[in-house]
Amino acid sequence: FCLMAVPGKVAAFHLPPLPTVGEIIKLFRLKAQKQLSQNFLLDLRLTDKIVRQAGELKNAHVCEVGPGPGGITRSILGAGVEQLLLIEKDARFIPGLQMLSEAAPGKVRIVHGDILTYKMDKAFPKHLKKNWEDEPPDIHIIGNLPFSVSTPLIIKWLENVSKKDGPFIYGRTQMTLTFQKEVAERLTANPGGKQRSRLSIMSQHLCTVENCFVIPGQAFVPKPEVDVAVVHFTPLVQPKIKQPFELVEKVVQSVFQFRRKYCFRGIETLFPENGRLKRTEQLMMTANVDPTLRPFQLSMSHFRNLCNTYRKMCDEDPSLFVYNYREELRHKKMMRNLLKSTSQPKQIEEEDHL
């Protein structure tokens, strides 16, 4: 590597000549695994474009999730970052990433591990911490995520945003991530849009979410059946719904459980069978929500009112929050099966007697 000294300017970082990403794939005989929903992005113009969406990375600390053969990694290093943490689950990619690490001495740290279990609260130096109300810290998370992990991972990180822990212990850490185009549309959907979903509410009540641009499927190797979108997240100083993450998630999940029906049908599932109708009416009247609206028609203020009212009802009756509609359905089904099995021997006895 070399630092090109330019008079009057900060020296820019340049990677030395390296094998192309395609050559790395051939060299280490890397093959995208379908069961891990892996897709490689080889076009460095596109990886540069993804990295530009993250904002100014000069001297920043960056965590890249699932770098694979290292296409985006090169673009991040080219942006002049101070430190780059790579978290890669698939051991096959580690030798190629080590080659990049050697080309950028002291800049790259490689962790062979699973991002879903990795402790991000110790990933960066403590001096980078900022107060939540301040501008975001000089920390970024970037990743071309495998489709299989993208939704559970963003839900996990949104919970971290809500609790200000994990990578958000340092402040309002920004994220630039790829998703299937349809998932990106859900993340950014407005009320009334056909893609409005649980993901829309959970992400937008905690973050500013921007759908940056779409990458056609044919840009990836192997070509996925869908296009891919790049989404940028900046946590909000104040969430739009000031209630615990678990409570908001429970209300939102219940509402969208029957997305084609009137919203009261999903809201009913928040309450045990005994007194269900009365409590559903009480919640909807107090929250001022029209029971004949469809779930995708509800605005953020509707959800705020529903969550705030449900919280008061749970405070009055603590058993309410632990109630689980699906558990009640399973229990009913089990009891029906039990009754059937106990009535069968009696029937056989009567037939034998006859």
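About the criteria used
Residues numbered from 1 in each chain as written. Predicted model: local features only at pLDDT ≥ 70, side-chain atom pairs only at ≥ 80, totals over all residues. Heavy atoms only, no water. Core = buried A, V, L, I, M, F, W, Y, C linked by side-chain atoms within 4.5 Å. Buried < 20%, exposed > 50% of the residue type's maximum accessible area, 1.4 Å probe, protein only. Domains from an automatic or database assignment. Contact = heavy atoms within 4.5 Å. UniProt positions renumbered as here; feature names shortened; annotations may be inferred. Helix = DSSP H or I, 4+ residues; strand = E, 2+ residues; numbered from the N terminus. Polar contact = N/O pair within 3.5 Å; in protein donor to acceptor, adjacent residues only side chain to side chain. Phe/Tyr/Trp six-rings, centres within 6.5 Å; stacked < 30°, edge-to-face > 60°. Lys NZ or Arg CZ within 6 Å of the ring centre and 35° of its normal. Salt bridge = Lys/Arg side-chain N within 4 Å of Asp/Glu carboxyl O. Pairing = 2+ DSSP bridges. Axes fitted to C-alpha atoms, helices over the stretch in contact; angles between N-to-C directions. Right-handed = clockwise from strand over helix to strand, strands pointing away.

**Some thoughts on the nonpolar core**
Grouped together as the largest cluster of nonpolar side chains are 64 residues, with contacts concentrated most on Phe179 and Phe233. When residues of this core are sorted by domain, at least three fall in each of domain 1 (23-235) and domain 2 (245-340). Discounting residues that sit within four places of it in the chain, Phe233 has contacts with Ile154, Gln174, Met175, Leu177, Phe179, Leu187, Ser203, Cys207, Thr208 and Val209. Of all hydrophobic cores here, the second largest spans 27 residues; its members include Phe40, Leu86, Phe147 and Val230.

**Some thoughts on the UniProt feature "binding site: S-adenosyl-L-methionine" (unreviewed entry) in the protein chain**
UniProt's entry tags Asn39, Leu41, Gly66, Glu88, Asp114 and Asn144 with the feature "binding site: S-adenosyl-L-methionine" (unreviewed entry), counted in the numbering of this structure. Looking at the secondary structure, you find Asn39 in the loop between α1 (21-27) and β3 (40-41). Counting through the fold element by element, Asn144 comes out in the loop between β7 (139-143) and α5 (147-163). Residue classification places Asn144 among the buried residues on the basis of a relative accessible area of 15%. Apart from the residues within four sequence positions on either side, Asn144 is in contact with Asn39, Val65, Gly66, Ile72, Thr178 and Phe220. For Asn144, the side chain forms a polar contact with the side chain of Thr178, separated by 2.9 Å.

**Examining unusual backbone geometry**
The phi torsion at Asn59 lies on the positive side, around 65 degrees, for a residue other than glycine. For Asn59, the position within the fold is in the loop between α2 (44-53) and β4 (61-65). In this structure, Asn288 takes a positive phi of about 60 degrees despite not being glycine. Mapped onto the fold, Asn288 is located in the loop between α10 (276-287) and α11 (300-316).

**Observations concerning the packing of aromatic side chains**
The way to describe two aromatic rings as a pair is by their centre distance and the angle between their planes. Counted according to the given criterion, the structure contains 5 aromatic pairs. Between Phe179 and Phe233, the ring centres sit 6.1 Å apart and the planes meet at 65 degrees, which makes this aromatic pair edge-to-face. With Phe179 in strand β8 (residues 174-180) and Phe233 in strand β11 (residues 228-235), this residue pair connects regions lying 54 residues apart in the sequence. Of the two residues, Phe179 and Phe233, both sit in the buried class. Residue placement shows Lys49 over the ring face of Phe213; its charged tip is 4.3 Å from the ring centre.

**Quick look at the pattern of salt bridges**
Across all of its chains, the model carries 13 salt bridges by this definition. Across the salt bridge formed by Asp90 and Arg92, the nearest N and O atoms sit 2.8 Å from each other. We classify Asp90 as buried; its relative accessible area is 11%. Judged by its relative accessible area of 27%, Arg92 falls in the partly exposed class. Salt-bridge contacts for Glu246 lead to Lys163; the nearest nitrogen and oxygen are separated by 2.7 Å. With Glu246 in helix α8 (residues 245-255) and Lys163 in helix α5, the pair connects residues that are 83 residues apart, well separated along the chain. According to the relative accessible area criterion, Lys163 is partly exposed, its value standing at 40%. Ionic contacts of the salt-bridge type, sharing partners, join the residues Glu159, Lys163 and Glu246 into one network.

**Regarding the sheet that holds strand β5 (residues 83-88)**
The strand order across the open sheet built from 7 strands is β6-β5-β4-β7-β8-β11-β9, with neighbouring strands paired in mixed fashion. Two strands in the sheet have a free side with no partner beyond their single neighbour: β6 (108-112) and β9 (207-215). Taking the axes of each pair of neighbouring strands and ignoring which way they run, one obtains an average angle of 20 degrees across the sheet. Taken together, the 5 bridges between β5 and β6 define a ladder with parallel strand orientation. By the bridge assignment, Leu84 is partnered in β6 with Val108. Sheet strands touched by α2: β7, β8, β9 and β11. Its angle to β9, the strand with the most contacts, is close to 165 degrees. The sheet strands contacting helix α4 (residues 94-103) are β5 and β6, and the helix crosses β6 at an angle near 165 degrees.

**Quick word on the pairing of β5**
Across the 6 residues of β5, 5 count as buried, placing the element largely inside the fold. Bridge analysis of β4 against β5 gives 5 bridges, and the strand direction is parallel. By the bridge assignment for β5, His61 is matched with Gln83. A crossover connection joins β5 to the parallel β6 through α4; in handedness this β-α-β unit is right-handed.

**Describing the side chain of His232**
Residue placement: His232 occurs in strand β11. In this structure the side chain of His232 is engaged in a polar contact, spanning 3.0 Å, whose partner is the side chain of Gln174. Reaching out from His232, the side chain makes a polar contact with the side chain of Thr234 at a distance of 3.5 Å.

**Quick word on the environment of Ile76**
Within the secondary structure, Ile76 is located in helix α3 (residues 71-78). Sequence separation of Ile76 and Ala60 is 16 residues, and the distance between their C-alpha atoms is 10.0 Å. Those residues in contact with Ile76 that sit more than four places away from it in its chain are Val51, Val62, Glu64, Val81, Leu84 and Ile142.

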